[in-house]
Each structure stands twice: as C-alpha cells, then as structure tokens.
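Structural overview
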Amino acid sequence: MPVQCVNYEIIHEKIAVLTLNRPKAANALSVALLTELEDCIKKIRTTKEIGCVILTGSGEKAFCAGADLKERKNMSDKEVIAAVQKIGSVATAIEKIEVPVIAAINGTALGGGLELALACDLRIAANHVKLGLTETALAIIPGAGGTQRLPRLIGIGQAKLLIYTAKAISAEDALGIGLIERSVDFLDLRGETIKLAKQITKNGPIAIRQAKKAINQGIELPIDKALQIEHQSYLEVIPTKDRKEGLLAFQEKREPNYQGY
C-alpha cells in the first residue's frame, strides 16, 4: 500500500489536522499530494462537527518547499500550466473552507508552499523557519495566488519587495511585516496551534463561520457594500439556538454549550 501524501486526523472532536507527508521531498506539492489534499478538503466540507482546521507538514525541515521540481522537469509546458493551476485551485479550496484554517508552519515554506499558507486564515510559524515567494529566481512568478494574496495581507510594497528579490525571510521578520500572526519554538508549535484552535471551537460555530464569510467577502468591497454583507451575516445568527444559549450561559455565569444550530 503506498504511503499517504497527506495524513488526516480529527482531534478534540472538532479539530481536523492535515499533515503534508512527504518529508524526504520537503513535503513538495506533487500531483498525488495535491489530489489527496483535495479529497481531504471535500471530507472536511461534509463533516459538520469540524470547527477548525490545522494545516501543517511532517518533520522539522519543511512545511512545504513548493512545487515538486523533480516531477515538473519532465512535464511539457501544457502540463506545467495545469500543475500550477492545480496548486492554485487547492489553495482556493483551502481559502473557501467555511471554518477557520490555521497554517502551523513547522519548517521552510517557499513558493507554492507559502501560497498554501497564504490561503489559510491564520499562520503560526516555528521560529527557525524561512518563508518566501522565490519564484522569480527560477524565472517564473508566483502563479497559485501569491501575487494576489500576499499584497492583500502585508501591503503592496512589502509584497513587491519579497517577490522581486525572491528572498526568503526569517520567522521574526515575517512576524514584523504581518506575514505570520505568531512565532513560537518548534517544540511548542503543535501545542500552541491546538490551543488556538480550541479557543476558536469553543465559540459559537455558526457565528465563527459567518464572521469568516463577512470578513473574506467584504474585505475588497467598498465599505457600504461590505457593511451589507456583515448585516446579512448577522441576520444568520439571530434565530439560532446557540445565540440564546450564549445569553443564558452569560446570565448563569457558566460555559456555553453550543450545538451549531
């Protein structure tokens, strides 16, 4: 039986953990890995109990080194284009997961690997890692969403600086420009990421999904249109039993027991 390229597990009942599992290839994005990742995302979408997703890599060396260049060197131009589009479609699928997705960046994240992390809602990195969109050093450009998601996250100037120079930066520098939200010791990475995921999943699941929807759909719109989206998302939580449970729990000074309806 072939080794799985992506490990899928559910922890603490509500948290899905996806682990890129090609450590000998720096968890590079082969076609097989991307196909397995697509299948995992489909499974997450049909599992109502999941309230948060963690995306990480196996080992300490690499989160994901980007495209599998050994595989790609034997591809035709048409096949290369299809491979890049597949990375992009997987990144978009990650972005469209209704619940928050946290990238636990355990090692180097370059090229397409960083593009996957950019599609996540939050990024926590081990403090020894390097991150960068290094494609221009290979005479190509970030083609799986990097030229669009990076400037939206860190600003146009900083994004151009990273992409034009093809420079990989430290976790400390990445934290300073807002590329990641936290930097922790490698040994603490899994624990800190799970702790954050548990903080998220203890809150109202419908509210979390609607908050993500409002943020992601509204961020690029004029403020008046964005506020309309926020209002529509707010209307979705008003009739829920969870909202009433939240008020009752506050009144009774206890932890709420949210059920997702």
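Everything that follows concerns the structure shown earlier in this document.
The structure displayed is predicted, hence computed values, not measured ones.

**What about helix α6 (residues 156-165)?**
When we look at burial in α6, the residues that qualify are Ala159, Leu162 and Ile163. With its buried residues spanning 90° around the axis, α6 presents them on a single face. Projecting away from the buried face of α6 at angles above 90 degrees are the exposed residues Gly157 and Tyr164. In the core, the buried residues of α6 are packed alongside α5 (146-154) and β9 (169-170).

**As for the environment of Ala28**
Within the fold, Ala28 resides in the loop between β2 (15-20) and α1 (31-45). The spacing of Ala28 and Gly113 is 85 residues in sequence and 7.6 Å in space, taken between C-alpha atoms. Here Ala28 is in contact with Arg22, Leu33, Cys64, Gly66, Ala67 and Asp68, once residues within four sequence places are set aside.

**Re the pattern of salt bridges**
Going through the model one piece at a time under the given rule, you end up with 10 salt bridges. Taking the shortest distance from any N to any O, the salt bridge between Lys86 and Glu38 comes out at 3.0 Å. In this pair, Lys86 sits in helix α3 (residues 77-95) while Glu38 sits in helix α1, placing the two residues 48 residues apart along the sequence. The partner of Glu181 in a salt bridge is Arg123, with the nearest N and O atoms 3.7 Å apart.

**With respect to the sheet that holds strand β8 (residues 130-132)**
The strand order across the open sheet built from 4 strands is β4-β6-β8-β9, with neighbouring strands paired in mixed fashion. Each edge of the open sheet is held by one strand with a lone partner, namely β4 (62-64) and β9. With 2 bridges joining them, strand β6 (residues 108-110) and β8 adopt parallel strand pairing. Residue pairing in the sheet places Leu110 in a bridge with Gly132 of β8.

**Let's talk about the nonpolar core**
Residues Leu37, Ile94, Ile105 and Leu179 are the most contacted members of the largest nonpolar core, which totals 65 residues. Top element by residues in this core is α1. It accounts for 6 residues. Discounting residues that sit within four places of it in the chain, Ile94 has contacts with Leu37, Ile41, Leu55, Val101, Leu116, Ala119, Cys120 and Lys212.

**Section: a nonpolar patch on the surface**
Nonpolar side chains collect at one region of the surface, where Leu69, Leu138 and Ile140 lie side by side and expose about 270 Å² of accessible area between them. Considering the arrangement of structural elements, one finds Ile140 in the loop between β8 and α5.

Criteria and thresholds
- Residues numbered from 1 in each chain as written.
- Predicted model: local features only at pLDDT ≥ 70, side-chain atom pairs only at ≥ 80, totals over all residues.
- Heavy atoms only, no water.
- Buried < 20%, exposed > 50% of the residue type's maximum accessible area, 1.4 Å probe, protein only.
- Helix = DSSP H or I, 4+ residues; strand = E, 2+ residues; numbered from the N terminus.
- Arc of directions from axis to C-beta.
- Contact = heavy atoms within 4.5 Å.
- Salt bridge = Lys/Arg side-chain N within 4 Å of Asp/Glu carboxyl O.
- Pairing = 2+ DSSP bridges.
- Core = buried A, V, L, I, M, F, W, Y, C linked by side-chain atoms within 4.5 Å.
- Patch = residues over 30% accessible without salt bridge, like charges linked within 9 Å, V, L, I, M, F, W, Y side chains within 5 Å.
- Areas by Shrake-Rupley, 256 points an atom, 1.4 Å probe, with all protein chains shown as cover.

Limitation: the analysis is restricted to geometry and does not speak to function.
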